[in-house]
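Below, each chain spelled out in residue letters.
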Amino acid sequence: QVQLVESGGGLVQAGGSLRLSCAASVSIISINSMGWYRQGPGKQRELVAMITRGGSTNYGDSVKGRFTISRDNAKNTVYLQMNSLKPEDTAVYYCNVDDLLHRASWGQGTRVTVSS
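Residues numbered from 1 in each chain as written. Predicted model: local features only at pLDDT ≥ 70, side-chain atom pairs only at ≥ 80, totals over all residues. Heavy atoms only, no water.

(A) Here's a closer look at the pattern of salt bridges. For the structure on display, the rule yields 5 salt bridges. One salt bridge in this structure joins Glu46 and Arg38, with 2.8 Å as the shortest N-O distance. Residue Arg38 is classed as buried on the basis of its relative accessible area of 5%. In this structure, Asp61 engages Lys64 in a salt bridge whose closest nitrogen and oxygen atoms are separated by 3.0 Å. Using a relative accessible area of 64% as the deciding quantity, one classes Asp61 as exposed. The network of salt bridges with shared partners includes Arg38, Glu46, Arg66 and Asp89. (Salt bridge = Lys/Arg side-chain N within 4 Å of Asp/Glu carboxyl O. Buried < 20%, exposed > 50% of the residue type's maximum accessible area, 1.4 Å probe, protein only.)

Below you can see the structure in the form of structure tokens.
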């Protein structure tokens, strides 16, 4: 299983920004895709952003135009830049990888709290 370590969560005011990082235990060029999911209180886990091995990206409708996913292959790390944060963005954010055989791994999560 790929080991994933998330960091960068915290408490911010509405309108502020955070950058989340996800460091993988293997080269991310050996992974089919990586993404960020989140789960708020009483909600299902939902897709936030995903980036494929080829570099294409997908975003959840609620974060389009505000969040950006990117990667640094040399550091085996994927980032999520979150701007214009809203209270409804409050959730635990999880890093996910899908390997070349489509086997999934998950990080432990990092908590983001946005105050009004």
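(B) Highlighting the pairing of strand β5 (residues 46-52). With 6 bridges joining them, strand β4 (residues 31-39) and β5 adopt antiparallel strand pairing. In the sheet register, Trp36 faces β5, and the bridge partner there is Ala49. Hairpin connection from β4 to β5: 6 residues lie between these consecutive antiparallel strands, with Gly42 at a positive phi of about 70°. The pairing of β5 with strand β6 (residues 57-59) spans 3 bridges and is antiparallel. In the strand pairing of β6, Met50 is matched with Asn58. The loop that links β5 with its antiparallel partner β6 comprises 4 residues; one of these, Gly55, has a positive phi angle of about 100°. (Pairing = 2+ DSSP bridges. Helix = DSSP H or I, 4+ residues; strand = E, 2+ residues; numbered from the N terminus.)

(C) Structural detail: the state of the cysteines. On inspection of all chains with the given rule, the structure shows 1 disulfide. The disulfide partner of Cys22 is Cys95, and the gap between their sulfur atoms is 2.0 Å. With the S-S dihedral at roughly -85°, the linkage between Cys22 and Cys95 falls on the left-handed side. Of this pair, Cys22 sits in strand β3 (residues 18-24) while Cys95 sits in strand β9 (residues 91-99), and the two are 73 residues apart along the sequence. Across the pair, exposure class does not vary: Cys22 and Cys95 are buried alike. (Disulfide = S-S within 2.5 Å.)

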